[in-house]
Amino acid sequence: IMPAGLIARYDFEGDTQDVSGFGNGITNSGATPTDDRFGLNSRAYKFGGTTGMQVSAVQAVTSNITLALWIQPATLPGSLTGLLDNWNGDGSNTGASGGGLIFNGNTIDILTRGGGSGGALPSIVDCSTGFKPPVGAYSHVAATVAFTGTTRVIAFYVNGGLVKTCSVATTAPP
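Residues numbered from 1 in each chain as written. Predicted model: local features only at pLDDT ≥ 70, side-chain atom pairs only at ≥ 80, totals over all residues. Heavy atoms only, no water.

1. Focus: the packing of aromatic side chains
Keep this limit in mind: The pairing test for Phe, Tyr and Trp rings, Trp by its six-membered ring, is centres within 6.5 Å, and the orientation test on the planes gives stacked under 30 degrees, edge-to-face over 60, and tilted for anything in between.
For the structure on display, the rule yields three aromatic pairs. An angle of 20° between the planes, with centres 6.3 Å apart, marks the rings of Tyr10 and Phe12 as stacked. Joined through ring pairs, the aromatic side chains of Tyr10, Phe12 and Tyr45 make up one cluster.

2. Examining the sheet that holds strand S11 (residues 151-158)
Applicable threshold: Pairing between strands is defined by DSSP: at least two bridges between the two strands are required. Runs of H or I in DSSP of at least four residues are treated as helices and runs of E of at least two as strands, each being numbered from the N terminus. Helix axes use the C-alpha atoms of the stretch in contact, all axes being lines fitted to C-alpha atoms, and the angles between their N-to-C directions lie in the range 0 to 180 degrees.
The four strands lie next to each other as S5-S10-S11-S12, forming an open sheet whose pairing is antiparallel. With one partner strand each, in any of the chains shown, strand S5 (65-71) and strand S12 (161-169) form the two edges of the open sheet. In this sheet, neighbouring strand axes are inclined to one another by 15° on average, regardless of whether the strands run parallel or antiparallel. The pairing of S11 with S12 spans eight bridges and is classified as antiparallel.

3. Focus on the environment of Pro73
Going by this rule: Contact criterion: two residues are considered in contact whenever any of their non-hydrogen atoms come within 4.5 Å of each other.
Position of Pro73 among the secondary structure elements: in the loop between S5 and strand S6 (80-87). Separated by 63 residues in the primary sequence, Pro73 and Gly136 place their C-alpha atoms 5.7 Å from one another. Residues contacting Pro73, with those up to four places away along its chain left out, are Pro133, Pro134, Val135, Gly136 and Ala137.

4. Some details on the state of the cysteines
Using the following cut-off: Count a disulfide wherever a pair of cysteine sulfur atoms falls within 2.5 Å.
Tallied over the entire structure, the rule returns one disulfide. Across the disulfide from Cys127 sits Cys166; the S-S distance is 2.0 Å. Measuring handedness by torsion sign, the sulfur bridge of Cys127 and Cys166 sits at about 70° and is right-handed. Here Cys166 lies in strand S12 and Cys127 lies in strand S9 (residues 123-131), a separation of 39 residues in the sequence.

5. Some remarks on the pattern of salt bridges
For clarity, the cut-off: What counts as a salt bridge is simple: a side-chain nitrogen of Lys or Arg found within 4 Å of a carboxyl oxygen of Asp or Glu. The classification of residues rests on relative accessible area computed with a 1.4 Å probe and restricted to protein chains. Under 20% of the type maximum is buried, over 50% is exposed, and intermediate values are partly exposed.
Going through the model one piece at a time under the given rule, you end up with two salt bridges. One salt bridge in this structure joins Asp11 and Arg9, with 2.9 Å as the shortest N-O distance. Taking relative accessible area as the criterion, Arg9 reaches 36% and is therefore assigned partly exposed. Residues Glu13 and Arg43 are paired through a salt bridge, measuring 3.7 Å at the closest nitrogen-oxygen approach. Taken together, the residues span a long stretch of sequence, with Glu13 in the segment before strand S1 (26-29) and Arg43 in the loop between strand S2 (32-34) and strand S3 (44-46) at a distance of 30 residues. Residue Glu13 is classed as exposed on the basis of its relative accessible area of 54%.

Following this line, the structure appears as structure tokens:
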């Protein structure tokens, strides 16, 4: 059963197909299939720092959302590196609307962008979590973003436990 409001879901059963029924396929740019956290063959993907995946045709995220994924970093990056994000529904981040989970150096942050109209710059809401994932170990990371008027409440979870909540007044509603 697919949850109400689901945009996309990827089980990675040997491919990158969206199993939600919405057809939001992924373009794989060099990530290689690997064993998942249970040792199941080709049920996860390994990224090499310059590799990635981009979801096609997903609308920009401008309402309540949950982003979740399992990570097992071999090393921690020293700069901004995307983990799971959606910008403008097309992968671009110019005048961006959307958001995501990113590495900001060696910790994970949540970014949200949105608001602005008629060419105005979007509101920028960042939540620095302070979470430094353990190298070589799996962690389940998730973020929820709840929009209420001009306030965004961001909650960050690791392995099911709440790590950080940020409540930020923004200059423009989504």
